[in-house]
Amino acid sequence: MSQDHLTHAEHRDDEASKLGMWLFIFTELLLFGGLFVVYAVYRYMNAEAFHLAHEELSVTMGTINTVILLISSATVAMSTSAIRLGDTKKALILIAITIIAALVFMVNKYFEWGGKFEHGLYPGSAELAARGQGEVLFFGLYFFMTGLHGLHIIVGLVLLTISYIGVKRGTINGESPVMLDNSGLYWHLVDLIWIFLFPLFYLIK
Amino acid sequence: MDTNHTHEAHHAVPYKTYGIILAILLFLTAISVAVTQIELDSLTVTVAIVLATIKSALVLYYFMHLKFDDIILRIMVIAVIAVLALVILITLLDYIYR
Amino acid sequence: MSSESQVHSGYVSFRDVETKYKGILAWILSTDHKRISFLYLYSMITFFIVGMLLGLAMKLELIAPGKTVMTAETYNAFFTLHGIIMIFLIVIPGLPAVFGNFFLPILIGAKDVAFPKLNLFSWYLYVLGAVVALTSQFLGDGAPDTGWTFYAPYSFKTHTNMLPAVIGAFILGFSSILTGLNFIVTMHRMRAPGMDWFKMPLFAWSLYGAGWIQLLATPIVGITLLMVVGERLFQIGFFDPALGGDPVLYQHLFWIYSHPAVYIMILPAMGIISEIIPTFSNKSIFGYKAVVYSTLAIAFVGYFVWGHHMFTSGMSSTALYIFSFLTFLVAIPSAIKVFNWVATLYKASIQMEVPFLWAASFLFVFMIGGLTGLFLGSIATDVHVHDTAFVVAHFHFIVFGGVGYAFLAAMHYWFPKMYGKMYDKEIAIFGWISFTVGFFMLYTPMFLLGYQGMPRRYYDYVAQFHGWNIVSSIGAFILAAGFITILVNFIRAAYGDKIAPNDPWGGKTLEWSIESPPSLENFEEVPFVDKHPYDYSEPTSEK
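Every chain's residues receive numbers from 1 upward, in the order its sequence appears when written. Chain A is the first chain written and ligand 1 is the first ligand written, with later ones labelled in order. With the structure being a predicted model, the display of local features is reserved for residues of pLDDT at least 70 and the display and counting of side-chain atom pairs for 80 or more, all residues being used for whole-chain, interface and lining totals. Each side-chain value is derived from all of the structure's non-hydrogen atoms; neither hydrogens nor water enter the calculation.

Visitor: Let's hear about the overall build of chain A: which residues, and what values?
Guide: Under the scheme used here, helices are H or I runs from DSSP no shorter than 4 residues and strands are E runs no shorter than 2 residues, and both carry numbers assigned from the N terminus. Scanning chain A from N- to C-terminus turns up 7 helices and 0 strands. Traced from its N-terminal end to its C-terminal end, chain A shows the element sequence α-α-α-α-α-α-α. Along the first, second and third principal axes, the C-alpha atoms of chain A reach 75 × 30 × 25 Å. The buried label applies to any residue whose accessible area, calculated with a 1.4 Å probe on protein chains only, is under 20% of its type's maximum; exposed applies above 50%, and partly exposed to all values in between. Within chain A, the fraction of its 205 residues that count as buried is 62%. Working rule for contacts: check all heavy atoms of both residues, and any pair within 4.5 Å makes them a contact. A sequence separation of at least 24 residues applies to 82% of the contacts in chain A between residues at least 6 apart. Surface summary for chain A: the accessible area is close to 7800 Å², and the carbon and sulfur share equals 65%. Note on areas: these come from Shrake-Rupley sampling with a 1.4 Å probe, and a residue is covered only by the protein chains present in the view.

Given below as structure tokens:
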């Protein structure tokens, strides 16, 4: 009897972990949701200024980062297939590509933010204050939302690195891939949020 | 075991599926960037948001495995998104009619 | 003892079980849901006593007009700290963290929650959040004086030490999210074989509803508090009118969480009442499914009524009507529950035990609180009484009356199970009388005072309000005396030798089928559940 129970419990555990991860993702969605509420209200109140302010952002840079995130999302998804097919080597390569993509994203972000700071476009700066309230709010939201998103990239990086080590050591394998699956889910969340941040900040007219 | 996939919860999705979805996502990104270059006035935002919604649906459905998972997850995701949408809508009701 | 026969060989209570660690470490490093429940219980009692002393000090100040025992600044700091402690440390986590942790796995026939380590981690976050929030009192430029709502723009203009309070509240929110997450997964994955969703006890259902609110509402206040932090550190301008921000938007975001938070508090309270009333009526709950659906309806509709806290803050009239309408709507499922409880009592053979007294008085205070809530939900009345003592009386009836009475009801109901001991009935009844007399003396006059125009959060008042304020202040001390009586009664019982039987009340839910206190694993064998949770069709076995 106890033997039966053990296996039963282990099987259940995986599903529970996945459900737990999803619930955490819901929480994260609502965390950004609060910011989307703020964005919606202030964009409604300052449509003109938001349009002017967005022209300071580089569409090229934003597009590159979007493409990077989409590719990394696909590679981490593929790695979950690879681990199930028993192809550890391929899984490792795919996770590594995802990690590198995340790092490239952060480097791009660093230069983007750096550029804004050079032009004096940061919260509390005199240059920004001179441009009027709407642009103050736009850049306030820009830094806050992309900053929070960046923090999530870092968390995602940590999770992916742990998964990489796990796959390498064999603790994550075709029989128990749940850690990799959950890191992947988290990484897709990061992608999901960026899919909305990109048009809202870089593409609005 | 390494080629065919069964309809269990834990089956491996073929790489090709992910490849196709990625191609569609990149294509939609290209469209949304292109659309902003032409003048559509107020429609631009709508188009951008609609495209973003389609992209996120694809990510949720394929990359995040909602298509292959238990239906309860799909219900939860839809409910959560509905709650968030209602919150944004109700808050905006204050500002639009102020 | 009749329980003797049911104790099987090798039974060791979870309190006495041998663990890797000794002494206090065996508790603060344990992932056993029952031990974690006790960690929360003892932390909360400590915080509650602090919060109660602050409340008593405020009531002492209000016993006479003018400065009585403290300055206006001290009074501001006291009501802020009283609010932070009572709301964030007691009533929001209270029932789920203490009774949810202890009884949810047992009620659904599981050995623990889904993620025991995460559960312990939540307690550490709770303690960390509490410590961070309380340091605001002692460090920096004076204690926070914004009230527990941290309203912008004052919360980033005041020179007082806001940051720790706000960050502490953020951490506490995170703890609450993880508890909710844990419970939802537990109910999805770990119900005993045979127990489908509609065989789950109502306390579990209420935790399910509350869990979703914890999960979906708490992050909104989390991000809002982070925005206030950003505002104070970087002058971003989110809520600063001078920079184009809108302070009313802060109120929106704050209440998008803090109104549903009321339902995080009250849903588990309703769940506990739904457990106690059938047991002492020796009868199944009337309309089980109606209670379940009304729980879910309250959780859902309750999410969209936040604007009724902002009727006088300058919202558009369209928003006013919508929020007022939704507020009246949420009263319907609440009333359904009251109807079901009363219908359960109808023609029942009722055991007048102490837990039942608490549950029955819950109905009264909850209905007074709920109905006065409808006064506040109608726009015209609210304009008259907003920011008066009327509001304070209303939410103390709901929050302290609702959660406090349910907490003490649960404590008297489950104490024999948690400790394996029985408390003294006479003293318990005396405590209940004193608590209830004090409660009504303390808060009922505040309805009258508020209606006559006495503002809240003032340390002073005009002479015409003096009379009722004396009554209110005396009531506060009677209530406190009642609380101390109850506490002493429990402590005496816990150290006493009056052993409680396994099922002292004739309860039908799973916790009464196991030993008091339960073993580490709760169930020697995972039970098979094919019966309705409140099945009284068979005659009750002898107590």
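Visitor: Before we move on, can you summarise the interface of chain A and chain B with the specific residues and values?
Guide: Listed per partner, the contact involves 45 residues of chain A and 44 residues of chain B. When chain A packs against chain B, close to 4100 Å² is buried across both sides, 79% of that on carbon and sulfur atoms. Salt bridge, as used here: a side-chain nitrogen of Lys or Arg that lies within 4 Å of a carboxyl oxygen of Asp or Glu. Connecting chain A to chain B are 1 salt bridge. Its salt-bridge partner being A:Lys18, residue B:Asp69 comes within 2.5 Å of it at the nearest N-O pair. Residues adjacent in sequence count toward polar contacts only when both atoms are side-chain atoms; beyond that, a polar contact is any pair of N or O atoms within 3.5 Å, and within protein one must be able to donate a hydrogen and the other to accept it. Applying the counting rule to chain A against chain B returns 3 residue pairs in polar contact (both at pLDDT 80 or more). When contributions to the side of chain A that touches chain B are tallied by element, the ones reaching two or more residues are helix 1 (2-45), helix 3 (59-84) and helix 7 (178-203) of chain A. If you tally residues by element for the side of chain A that touches chain B, the top one is helix 1 of chain A, at 17 residues. Note on terms: buried area is the combined drop in 1.4 Å-probe accessible area of two parts once they are placed together, counting the loss on both.

Visitor: Residue-level account of the nonpolar core, with values.
Guide: Formed by 296 residues in total, the largest nonpolar core has its most connected members in C:Phe99 and C:Phe239. Counting the residues that make up this core, at least three belong to each of domain 1 (1-67) and domain 2 (70-98) of chain B. C:Phe99 has contacts with C:Gly94, C:Leu104, C:Phe203, C:Ile272, C:Phe407, C:Ala410, C:Met411, C:Trp414 and C:Met418, leaving out every residue within four places of it along the chain. Nonpolar cores are built from buried Ala, Val, Leu, Ile, Met, Phe, Trp, Tyr and Cys residues. Side-chain atoms within 4.5 Å join them into one set. These domain limits were set by an automatic method or by a database of domain assignments.

Visitor: Before we move on, could you go through the environment of C:Val471 and cite the residues and values that matter?
Guide: All names here are of chain C. In this structure, Val-471 sits in helix 15 (residues 466-495). What makes Val-471 partly exposed here is its relative accessible area of 27%. Note: C-alpha distance between Val-471 and Ile-63 (408 residues apart in sequence) is 8.5 Å. Dropping the residues within four chain positions of it, Val-471 is found in contact with Met-441 and Pro-445.

Visitor: Lay out helix 7 (residues 202-234) of chain C with the relevant residues and their values.
Guide: Residues and elements named next belong to chain C. Under the convention used throughout, the expected extent of a helix is 1.5 Å for every residue step, that is, one less than its residue count. The terminal C-alpha atoms of helix 7 lie 47 Å apart, and with 33 residues this matches the ideal 48 Å at 1.5 Å per residue to within 8%. To get the bend at a residue, fit one axis to the 7 residues ending there and another to the 7 starting there, then take the angle between the axes. The sharpest bend along helix 7 measures roughly 30° and falls at Ala-217, with the proline Pro-219 sitting one to four residues further on. Among the residues trailing helix 7, Gln-235 stands out with phi positive, at a value near 50°.

Visitor: Residue-level account of the domain arrangement of chain B, with values.
Guide: Residues and elements named next belong to chain B. With domains assigned, chain B is organised as domain 1 (1-67) and domain 2 (70-98). Taken together, the contact pairs 4 residues of domain 1 with 4 residues of domain 2. Between domain 1 and domain 2, the buried area comes to about 330 Å², and carbon and sulfur atoms account for 71% of it. The interface formed by domain 1 and domain 2 holds 0 salt bridges in total. Applying the counting rule to domain 1 against domain 2 returns 1 residue pair in polar contact (both at pLDDT 80 or more).

Visitor: Run through the packing of aromatic side chains, naming residues and quoting values.
Guide: The rule is short: rings of Phe, Tyr and Trp, with Trp giving its six-membered ring, pair when the centres are within 6.5 Å, and they are stacked under 30 degrees, edge-to-face over 60, tilted in between. As enumerated under the stated definition, the model contains 84 aromatic pairs over all chains in all. Measuring from centroid to centroid gives 5.1 Å for A:Phe117 and A:Tyr122, while their planes differ by 5°, and the two rings are stacked. The exposure class of A:Phe117 is partly exposed, given its relative accessible area of 41%. For A:Tyr122, a relative accessible area of 32% gives the class partly exposed. Ring geometry for C:Phe88 versus C:Trp148: centroids 5.8 Å apart, planes at 70°, classification edge-to-face. Of the two residues, C:Phe88 sits in helix 3 (residues 72-107) while C:Trp148 sits in the loop between helix 4 (116-135) and helix 5 (154-157), which places them 60 residues apart along the sequence. The criterion for a charge sitting over a ring is simple: Lys NZ or Arg CZ within 6 Å of the ring centre, and within 35 degrees of the ring normal. In this structure, C:Arg15 is placed above the aromatic ring of C:Phe38, and the distance from its NZ or CZ to the ring centre is 5.2 Å. Here the guanidinium or amino end of C:Arg35 rests over the ring plane of C:Trp27, the centre of that ring lying 4.4 Å away.

Visitor: Please set out the pattern of salt bridges residue by residue, giving values where relevant.
Guide: Pairs may arise between side chains of opposite charge once their charged atoms sit close together. All names here are of chain A. Tallied over the entire structure, the rule returns 16 salt bridges over all chains. Between Arg-84 and Asp-181 there is a salt bridge, with the nearest N and O atoms lying 2.7 Å from each other. Of the two residues, Arg-84 sits in helix 3 while Asp-181 sits in helix 7, which places them 97 residues apart along the sequence. Salt bridges sharing partners connect three or more residues here, namely Glu-56, Glu-127, Arg-131 and Glu-135.

Visitor: With reference to specific residues and values, describe a nonpolar patch on the surface.
Guide: A residue counts toward a patch only above 30% relative accessible area and without a salt bridge, and it is joined to like-charged neighbours within 9 Å or, for Val, Leu, Ile, Met, Phe, Trp and Tyr, to nonpolar neighbours within 5 Å. There is a patch of nonpolar side chains on the surface, built from C:Tyr21, C:Ile24, C:Leu25, C:Leu29 and C:Tyr124 and spanning about 450 Å² of accessible area. Within the element layout of this structure, C:Leu25 appears in helix 1 (residues 25-28).

Visitor: Can you break down the interface of chain C and chain B residue by residue, with the values?
Guide: Of the residues lining the interface, 20 residues belong to chain C; the matching set on chain B comes to 13 residues. For the pairing of chain C and chain B, the buried interface totals around 1400 Å² over both sides, and the portion due to carbon and sulfur atoms is 78%. Notably, a salt bridge pairs C:Asp246 with B:Arg98, separated by 3.4 Å at the nearest N-O pair. Among the secondary structure elements, those contributing two or more residues to the side of chain C that touches chain B are helix 7, helix 8 (247-281) and helix 10 (317-345) of chain C. Tallied by class, residues from the side of chain C that touches chain B come to 14 nonpolar, 5 polar and 1 charged. Each residue is assigned to one class: nonpolar for Ala, Val, Leu, Ile, Met, Phe, Trp, Tyr, Cys and Pro, charged for Asp, Glu, Lys and Arg, and polar for all the others, Gly among them.

Visitor: Go over helix 2 (residues 43-63) of chain B with me, naming the residues and quoting the values.
Guide: Residues and elements named next belong to chain B. Over its 21 residues, helix 2 runs 29 Å from end to end, which matches the ideal 30 Å to within 8%, given 1.5 Å per residue. Taken as a whole, helix 2 has its buried residues at Thr-44, Val-45, Ala-48, Leu-51, Ala-52, Lys-55, Ser-56, Leu-58, Val-59, Leu-60 and Phe-63. Backbone geometry just after helix 2 places His-65 at a positive phi near 70°.

Visitor: Mind laying out the packing of helix 7 of chain C against helix 9 (residues 288-301) of chain C, listing which residues take part and the relevant values?
Guide: All names here are of chain C. Where helix 7 meets helix 9, the closest approach of the two axes is 9 Å, and the angle between their N-to-C directions is 15°. Here helix 9 runs roughly parallel to helix 7, going by the angle between their axes. For the pair helix 7 and helix 9, the crossing hand works out as right-handed. Together, Leu-202, Trp-205, Ser-206, Tyr-208, Gly-209 and Ile-213 of helix 7 and Tyr-288, Val-291, Val-292, Thr-295, Leu-296 and Ala-299 of helix 9 make up the contact between the two elements. Here, axes are lines fitted to C-alpha atoms. For helices the fit covers the stretch in contact, and angles between N-to-C directions go from 0 to 180 degrees. Just so you know how the angles are binned, under 35 degrees is roughly parallel, over 145 roughly antiparallel, 65 to 115 roughly perpendicular, and the rest oblique. Each crossing is labelled by how the near helix is turned from the far one, with a counterclockwise turn of less than a right angle marking it left-handed and a clockwise turn marking it right-handed.

Visitor: Provide a residue-level description of empty space enclosed by the protein, including the pertinent values.
Guide: A cavity here means a set of 1 Å grid points, computed over protein atoms only, where a 1.4 Å probe fits but cannot escape. A pocket is an open set with protein on both sides within 12 Å along at least 5 of 7 lines, and lining residues have an atom within 4 Å of a point. Grid points are joined across faces, edges and corners, and a volume is the space filled by probe spheres set on the points. Going through the model one piece at a time under the given rule, you end up with 2 cavities of 30 Å³ or more. Looking at the largest cavity, its volume works out to about 260 Å³. Lining the largest cavity are 22 residues, with A:Lys18, A:Arg84, A:Asp181, B:His65 and B:Asp69 positioned closest to its centre. Where the lining of the largest cavity is concerned, the elements lending two or more residues are helix 1, helix 3 and helix 7 of chain A. When residues in the lining of the largest cavity are grouped by element, the largest group, 5 residues, is from helix 7 of chain A. Here the lining of the largest cavity is composed, by residue class, of 10 nonpolar, 6 polar and 6 charged.

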